[in-house]
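Take a look at the letters that make up each chain.
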Amino acid sequence: SSPHLQTYNERAKKHANKAARALLGIMEEKQSNLSVSVDVTKSKDFFDIIEAVGPHVCLIKTHVDILEDFDATVIDRLQELSEKHKFLIFEDRKFADIGSTVVLQYSKGIYKIADWAHITNAHAVPGPSIITGLASVGIPKDRGLILLAEMSSKGALTTGSYTEDAVRMARARRDFVIGFIAQHRMEGVGASDTDNIAGEDFLVLAPGVGLDATGDAMGQQYRTPEQVVFESGCDVIIVGRGIYGKGENVDTLEVLKQVQRYQAAGWEAYKKRVQC
Ligand code: S5P
């Protein structure tokens with residue numbers, strides 16, 4: 001049967017990429033298909049949120065370049081928490097340059113993303129060479145790459161043939177590209193009769209998830225976990241402000257309440273989908 005009807009555990013056993021196997025295994029073990037996006041600018045708030053949500057998530061999504069007090073100790077502590085609470089780390093870097101430049105952006109500079117992020121992502125706009133570049137750094141470290149196939153924001157250009165081309169690019173590098181940022185399941189999208197899509201298992205990570213709001217003032221659009229996971233067949237829900245609000249002077253009890261609410265909603269939608 002198609003991957004979105006299989007359990008995360010079944011998929012964990014078969015996936016070709018180590019980071020994907022680890023993520024699927026954690027999802028099953030923690031009964032969580034929730035990723036929290038920790039988009040705050042102070043490391044105290046960043047770690048207060050991660051300490052509170054850690055036990056309830058499969059994946060922590062970061063934008064490390066927005067931390068005003070970033071230094072190398074941030075990465076050490078993030079890695080400690082990743083081991084303590086068993087979640088993977090996804091740096092939402094959205095690479096978008098030529099191969100030789102993304103090699104440097106992924107491995108060098110002050111962030112050295114490839115050293116600590118199990119998963120990162122890239123736009124498809126430069127063509128396959130962006131994957132070639134990132135894979136040359138990421139494959140030896142057992143990393144996984146997510147391509148942005150559909151964005152959640154109003155008026156996004158990631159539609160139609162762009163989305164199909166992004167999926168074709170991924171299909172050609174299934175050892176490294178483990179899935180998509182998208183709003184729908186993507187297996188078989190853009191495939192011709194001669195393409196070998198047997199065994200294709202792309203994880204779909206969906207941002208733009210909220211239980212209380214339908215959008216923000218800057219074009220973000222929210223759907224519910226039920227719509228995203230059950231109706232559209234996505235695998236991981238990505239939630240930011242729905243869980244921590246403004247993200248300043250974090251109220252950890254409120255964050256805990258919200259993370260449990262989203263974890264339960266995401267898992268219920270998954271169980272309904274796979275009928276178990
Ligand atoms: O299409 C996208 C892709 C991404 S990765 N739409 C998104 O919103 N994101 C990211 O998800 C965005 O960069 C932000 O970090 C998060 C959504 O945050 P929220 O507070 O709106 O849930």
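What counts, and at which threshold
Residues numbered from 1 in each chain as written. Predicted model: local features only at pLDDT ≥ 70, side-chain atom pairs only at ≥ 80, totals over all residues. Heavy atoms only, no water. 1 Å grid on protein atoms, 1.4 Å probe; cavity = no way out; pocket = protein on both sides within 12 Å on 5 of 7 lines; lining within 4 Å. Points joined across faces, edges and corners; volume = space filled by probe spheres on them. Nonpolar A, V, L, I, M, F, W, Y, C, P; charged D, E, K, R; others polar. Disulfide = S-S within 2.5 Å. Buried < 20%, exposed > 50% of the residue type's maximum accessible area, 1.4 Å probe, protein only. Helix = DSSP H or I, 4+ residues; strand = E, 2+ residues; numbered from the N terminus. Pairing = 2+ DSSP bridges. Right-handed = clockwise from strand over helix to strand, strands pointing away. Phe/Tyr/Trp six-rings, centres within 6.5 Å; stacked < 30°, edge-to-face > 60°. Lys NZ or Arg CZ within 6 Å of the ring centre and 35° of its normal.

## Observations concerning empty space enclosed by the protein
Stage number 1. Summed over the entire model, instances satisfying the criterion amount to one cavity of 30 Å³ or more.
Stage number 2. The calculated volume of the largest cavity comes to roughly 50 Å³.
Stage number 3. Looking at the largest cavity, the residues that line it are P3, H4, R11, R185, M186, E187, D201, F202, V204, G233 and D235.
Stage number 4. In terms of residue class, the lining of the largest cavity is made up of four nonpolar, two polar and five charged.

## Here's the deal with the state of the cysteines
Stage number 1. Here the structure, examined in full by the defined rule, presents zero disulfides.
Stage number 2. You can see C58 has no disulfide; the closest cysteine sulfur is in C234, sitting 13 Å from it.
Stage number 3. Residue classification places C234 among the buried residues on the basis of a relative accessible area of 0%.

## Observations concerning the pairing of strand 1 (residues 34-38)
Stage number 1. Summarising burial for strand 1: five of the five residues are buried, a large majority.
Stage number 2. Across three bridges, strand 1 lies against strand 8 (residues 236-239) in parallel orientation. When the sheet's bridge partners are listed, S35 is paired in strand 8 with I238.
Stage number 3. Both strand 1 and strand 2 (residues 59-62) contribute to a ladder of four bridges, which runs parallel. Looking at the pairing, V36 lines up with I60 of strand 2.
Stage number 4. A crossover links strand 1 with its parallel partner strand 2, the connecting element being helix 3 (residues 43-53), and its sense is right-handed.

## Remarks on the packing of aromatic side chains
Stage number 1. The full count for this structure, using the stated rule, is seven aromatic pairs.
Stage number 2. The interplanar angle of 80° and the centroid separation of 5.1 Å between the aromatic rings of F46 and F47 together place this pair among those described as edge-to-face.
Stage number 3. The exposure class of F46 is buried, given its relative accessible area of 2%.
Stage number 4. Given a relative accessible area of 4%, F47 falls into the buried group.
Stage number 5. Ring geometry for F70 versus Y111: centroids 4.8 Å apart, planes at 70°, classification edge-to-face. Residue F70 is located in the loop between strand 2 and helix 4 (72-85), and its partner Y111 is located in the loop between helix 5 (99-107) and strand 4 (119-123); the two are separated by 41 residues in the primary sequence.
Stage number 6. Looking at Y111, the relative accessible area reads 22%, which means it is partly exposed.
Stage number 7. An aromatic cluster is defined as three or more aromatic residues linked by ring pairs; in this entry it consists of Y8, W267 and Y270.
Stage number 8. Geometry around F47 places R77 over its ring, the cationic atom sitting 4.3 Å from the centre.
Stage number 9. Just above the ring of F230 sits the side chain of K272; from NZ or CZ to the centre is 4.4 Å.

Keep in mind these numbers describe shape, not what the thing actually does.
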